[in-house]
Amino acid sequence: VAEEFAMLDVISGGRLIAGFPVGTSMDTNYCYGQIPGLTRDKYAEAHELVMRAWHEDEPFAFDGKYTQLRYVNLWPKPIQKPNPPIYIPGGGSIETWDFCLDNDYNYSYLSFNGYLRAKKLLDGYWDRVAVRGKDESPYRAAFAQTICVAETDQQAEEMYAEHVHYFYNRCLHVYGGFADAPGYRTIKTIRADVLSALSEDMQNQYLNLTWKKLVDEGYIIAGSPATVRERMEDLIKSLRVGNIFCLMHIGNMPDWKTRYSSKLFAEQVMPQLRDMWPEWKDDNRWWCKPMDERLQPETGIEQARQDARIPL
């Protein structure tokens, strides 16, 4: 993970944002067979190994509880120093909040339930930020939202309803028992009465959701640029988030519709959403830091040719 992330950072010229999810119980415990009670302990050790691999200038030995390596010698190293910004996707675990605050990582809430249902959990996160005495920069948090843009609200329903229904009414039928293997969620989180995003999603089952219900209850943000802009402003302010993962493709949506929606969003919605947190406009702690100058392919090739010439 450390080496492949570093390679991506090099290829992109320092544009990598690294995601470090703990992992869902469905994947980590049931599919990979990992012991639920050890999930976070293993995660913490893996995180230590990745960070050391990025930061150490010389090869080193790693003697962990779960991983033992005689030589760790990362190549290449990340462009961004000391490391790329790190986003931690979470579903409500108190330990994930504290892990983000301990390390100054971004907390990213990922759910298909939309922004109206996210308020309770994000309010809990911001309460935790206050208790821990951290600053309340909105860029500490991120949220993922499905978005569909058309010329009018009616056109949005005509263009995207088929694909939205396909996703919500057919693609999310997952057995609820996969959400939380015994021991996956800690006592602290259970006591806090905060359901994980995946658990909540599975319990809802998404059966027979109409377009009106999906829009009105915030599962999706869809409509004309003006409608989408208004709902996006409500999302940003009510959740107090500075980073939005804009999910512009959903279900079986074809390429041309995705491009159409993305273009309208970029041209008629995004410009109106800039500078919504003016007091934090210079806070770039959770954003990538690309190289100031990048070698242009043509220039590099020509220079290589010049360097390779041997005078006679």
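Read on for an overview of the structure. Keep in mind the model is a prediction, meaning the values are calculated, not measured.

1. Regarding the overall build of the chain
Secondary structure summary: the chain contains 12 helices and eight strands in total. Burial status across the chain gives 44% buried among its 312 residues. Pairs at least 24 residues apart make up 74% of the contacts formed inside the chain by residues separated by at least 6 positions. Carbon and sulfur atoms make up 54% of the accessible area of the chain, which totals about 17,100 Å².

2. Things to note about a nonpolar patch on the surface
A cluster of nonpolar side chains, M7, V10 and I11, forms an exposed patch at the surface whose accessible area comes to about 250 Å². You can see M7 is positioned in helix α1 (residues 2–11). A relative accessible area of 39% means that M7 is categorised as partly exposed.

3. Observations concerning the nonpolar core
In this structure, F20, W54, L122, Y125 and F265 are the most contacted members of the largest nonpolar core, which totals 56 residues. The leading source of residues in this core is helix α3 (residues 39–55), at six residues. The contact partners of F265, leaving out residues within four places of it in the chain, are I147, V149, V228, M232, C246, M248, M270, P271 and L273. The next biggest cluster of nonpolar side chains, apart from the first, holds 19 residues, and it includes C148, L209, W211 and Y219.

4. Digging into the packing of helix α10 (residues 225–239) against helix α11 (residues 255–273)
Where α10 contacts α11, the axes come no closer than 10 Å and their chain directions differ by 35 degrees. Pair α10 / α11 crosses with right-handed handedness. In this structure, α10 uses P225, V228, R229, M232, E233 and I236 to contact α11, whose residues at the interface are F265, Q268, V269, Q272 and L273. For the contact of α10 with α11, the per-class residue count stands at seven nonpolar, two polar and two charged.

Here is what the cut-offs are and how they apply
Residues numbered from 1 in each chain as written. Predicted model: local features only at pLDDT ≥ 70, side-chain atom pairs only at ≥ 80, totals over all residues. Heavy atoms only, no water. Helix = DSSP H or I, 4+ residues; strand = E, 2+ residues; numbered from the N terminus. Buried < 20%, exposed > 50% of the residue type's maximum accessible area, 1.4 Å probe, protein only. Contact = heavy atoms within 4.5 Å. Areas by Shrake-Rupley, 256 points an atom, 1.4 Å probe, with all protein chains shown as cover. Patch = residues over 30% accessible without salt bridge, like charges linked within 9 Å, V, L, I, M, F, W, Y side chains within 5 Å. Salt bridge = Lys/Arg side-chain N within 4 Å of Asp/Glu carboxyl O. Core = buried A, V, L, I, M, F, W, Y, C linked by side-chain atoms within 4.5 Å. Axes fitted to C-alpha atoms, helices over the stretch in contact; angles between N-to-C directions. Left-handed = near helix turned anticlockwise from the far one by under 90°. Nonpolar A, V, L, I, M, F, W, Y, C, P; charged D, E, K, R; others polar.

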